[in-house]
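Each chain is listed here by its residues.
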Amino acid sequence: MRKEKREIQSIDEMAELLSRCDTIRIGISDAGAPYIVPVSFGYERINGKIAVYFHGAKVGKRAELLKKLP
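It is worth spelling out the overall build of the protein chain at this point. Within the protein chain, the regular secondary structure consists of two helices and four strands. Reading the protein chain from its N terminus to its C terminus gives the helix and strand order α-β-β-β-β-α. Against the 2.2 N^0.38 benchmark of 11 Å for 70 residues, the protein chain shows a C-alpha radius of gyration of 14 Å, more extended than a compact globule. With respect to the three principal axes, the spread of C-alpha positions in the protein chain is 35 × 25 × 20 Å. Across the 70 residues of the protein chain, 17% fall into the buried class.

Here's what the structure looks like:
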């Protein structure tokens, strides 16, 4: 993190931030260049951590990139 004072470390703050969003963006490396795609998502708290689930097809560029670099 470039500016540590802006880093969100509180799980409560992270959950509150996510609760206000309906879309997140996933950044994936594509041959050294970023590939960024907006996705619908859901999340839940599990044992003091946040698990994020996103919607998407099992085929396509994003799926292929995630298979290469999980």
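After that view of the structure, there is still more to cover.
With that settled, consider the nonpolar core. Formed by Leu 18, Ile 24, Ile 26, Ile 28, Val 37, Val 39, Phe 41 and Leu 65, the largest nonpolar core amounts to eight residues. No other element matches strand E1 (residues 24-30), which puts three residues into this core.

What follows is about the environment of Phe 54. Tracing the chain through its elements places Phe 54 in strand E4 (residues 49-54). By relative accessible area, Phe 54 is classed as partly exposed at 39%. When the C-alpha positions of Phe 54 and Glu 16 are compared, they lie 18 Å apart, and in sequence the two are 38 residues distant. The contact partners of Phe 54, leaving out residues within four places of it in the chain, are Ile 26, Val 39, Ser 40, Phe 41, Arg 62 and Leu 66.

Reading guide: rules and limits
- Residues numbered from 1 in each chain as written.
- Predicted model: local features only at pLDDT ≥ 70, side-chain atom pairs only at ≥ 80, totals over all residues.
- Heavy atoms only, no water.
- Helix = DSSP H or I, 4+ residues; strand = E, 2+ residues; numbered from the N terminus.
- Rg over C-alpha atoms; globule rule 2.2 N^0.38 Å.
- Buried < 20%, exposed > 50% of the residue type's maximum accessible area, 1.4 Å probe, protein only.
- Core = buried A, V, L, I, M, F, W, Y, C linked by side-chain atoms within 4.5 Å.
- Contact = heavy atoms within 4.5 Å.

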